[in-house]
Amino acid sequence: MKQLIICIAAALLIARADAQTKITKTSILGKWTTVIVEVPDMFYFDMDKDSLAFGGILKQRIPADQMPTVMAGFKQQSSSLKNGYVRFYADGTAELDVDASLPPGAAKSTYTIDEANSIITATGGKGVKLVLPGEMRGRFLRLMIDEGGQKMYMTFKKVG
């Protein structure tokens, strides 16, 4: 019985360490690199593990004999995302470079945090506004981008 209680307590502690929490003005600060990109029913790409899985929609459209070639091409084209980053500064400015191809400072924007709803609102140089619901998952930041009804989830890992 004592061992069962210890196992349950350990499981709860582990689950809590990876629990989802809201984004705050302090938790968001720093540089974050892309580790996972997911479009439900299309694909899930974990760049840290070099693991790619296609969802039902792509599996239906890609012939089985072409799947290895398509997956290799997808990984190659998406590899630049691994070098991309977003950096949030305490003064309410942010820098985003999805594939690390822009000169430093070229992708500056401003942002605000709605801590109650865990939403980042970023406004780019040309007035483009992104509303990004998200959550903290341990040392990871997961954001949702809605492009006309198609949701994409990006997970970032804090660097340094």
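This structure is a prediction, so every number in the text was calculated from the model and none was measured.

(A) Highlighting the pattern of salt bridges. This model, assessed by the stated rule, comprises 5 salt bridges. Where D50 meets K75, a salt bridge forms, and the shortest distance between an N and an O atom there is 3.6 Å. Residue D50 is located in the loop between β3 (43–46) and β4 (51–54), and its partner K75 is located in helix α3 (residues 67–78); the two are separated by 25 residues in the primary sequence. You can call K75 partly exposed: its relative accessible area is 26%. A salt bridge links D146 to K151; its shortest N-O distance comes to 3.8 Å.

(B) Expanded view of the layout of surface pockets. Estimates place the volume of the largest pocket at around 540 Å³. For the lining of the largest pocket, the secondary-structure elements that each account for two or more residues are β5 (85–88), β6 (93–97), β7 (108–114), β8 (119–124), β9 (129–137), β10 (140–147) and β11 (150–159). Residue composition of the lining of the largest pocket, grouped by class: 18 nonpolar, 5 polar and 3 charged. When its volume is computed, the second largest pocket comes out at roughly 250 Å³. Surrounding the second largest pocket, 13 residues form its lining, I36, Y44, D46, F140 and T155 being those nearest its centre. Contributing elements (two or more residues each) for the lining of the second largest pocket: β2 (30–39), β3 and β10. Ranked by residues supplied to the lining of the second largest pocket, first place goes to β2 with 3 residues.

(C) The arrangement of the pairing of β11 in detail. With 7 bridges connecting them, β2 and β11 associate as antiparallel partners. What sits directly across from V37, in β11, is M154. Here β10 hands over to β11 after 2 residues, with G148 in that stretch at a positive phi of 60 degrees.

(D) Up close: the nonpolar core. If you look at the biggest cluster of nonpolar residues, it comprises 28 residues, and the most contacted ones within it are I23, I28, F43, F88, Y111, I120 and L141. Residues in contact with L141, not counting those within four places in the same chain, are I23, I28, W32, F88, E135, M136, M154, T155 and F156.

(E) Representation of the side chain of S118 within the structure. Within the secondary structure, S118 is located in the loop between β7 and β8. Residue classification places S118 among the buried positions, given a relative accessible area of 5%. Each residue touching S118, except ones within four places of it in the same chain, is listed here: K22, I23, L132, P133, G134 and E135.

(F) Just the pairing of β2, in detail. For β2, the tally of buried residues reaches 7 of 10 residues, placing the bulk of the element in the interior. In terms of strand pairing, β2 meets β5 through 4 bridges, oriented antiparallel. Residue K31 lies in a different strand from β5, and its bridge partner there is R87. Here 4 bridges tie β2 to β3, and the two strands are oriented antiparallel to one another. From the neighbouring strand, V39 faces β3, where its bridge partner is F43. Here β2 folds back onto β3 in antiparallel fashion, the turn holding 3 residues, of which D41 has a positive phi close to 70 degrees.

(G) Geometry of unusual backbone geometry. Phi at D41 takes a positive value of approximately 70 degrees, unusual for a residue other than glycine. Position of D41 relative to the elements: it lies in the loop between β2 and β3. Its relative accessible area of 54% is what places D41 among the exposed residues. In this structure, D50 takes a positive phi of about 50 degrees despite not being glycine. Residue class for D50 comes out partly exposed when judged on its relative accessible area of 47%.

So, how was this worked out
- Residues numbered from 1 in each chain as written.
- Predicted model: local features only at pLDDT ≥ 70, side-chain atom pairs only at ≥ 80, totals over all residues.
- Heavy atoms only, no water.
- Salt bridge = Lys/Arg side-chain N within 4 Å of Asp/Glu carboxyl O.
- Helix = DSSP H or I, 4+ residues; strand = E, 2+ residues; numbered from the N terminus.
- Buried < 20%, exposed > 50% of the residue type's maximum accessible area, 1.4 Å probe, protein only.
- 1 Å grid on protein atoms, 1.4 Å probe; cavity = no way out; pocket = protein on both sides within 12 Å on 5 of 7 lines; lining within 4 Å.
- Points joined across faces, edges and corners; volume = space filled by probe spheres on them.
- Nonpolar A, V, L, I, M, F, W, Y, C, P; charged D, E, K, R; others polar.
- Pairing = 2+ DSSP bridges.
- Core = buried A, V, L, I, M, F, W, Y, C linked by side-chain atoms within 4.5 Å.
- Contact = heavy atoms within 4.5 Å.

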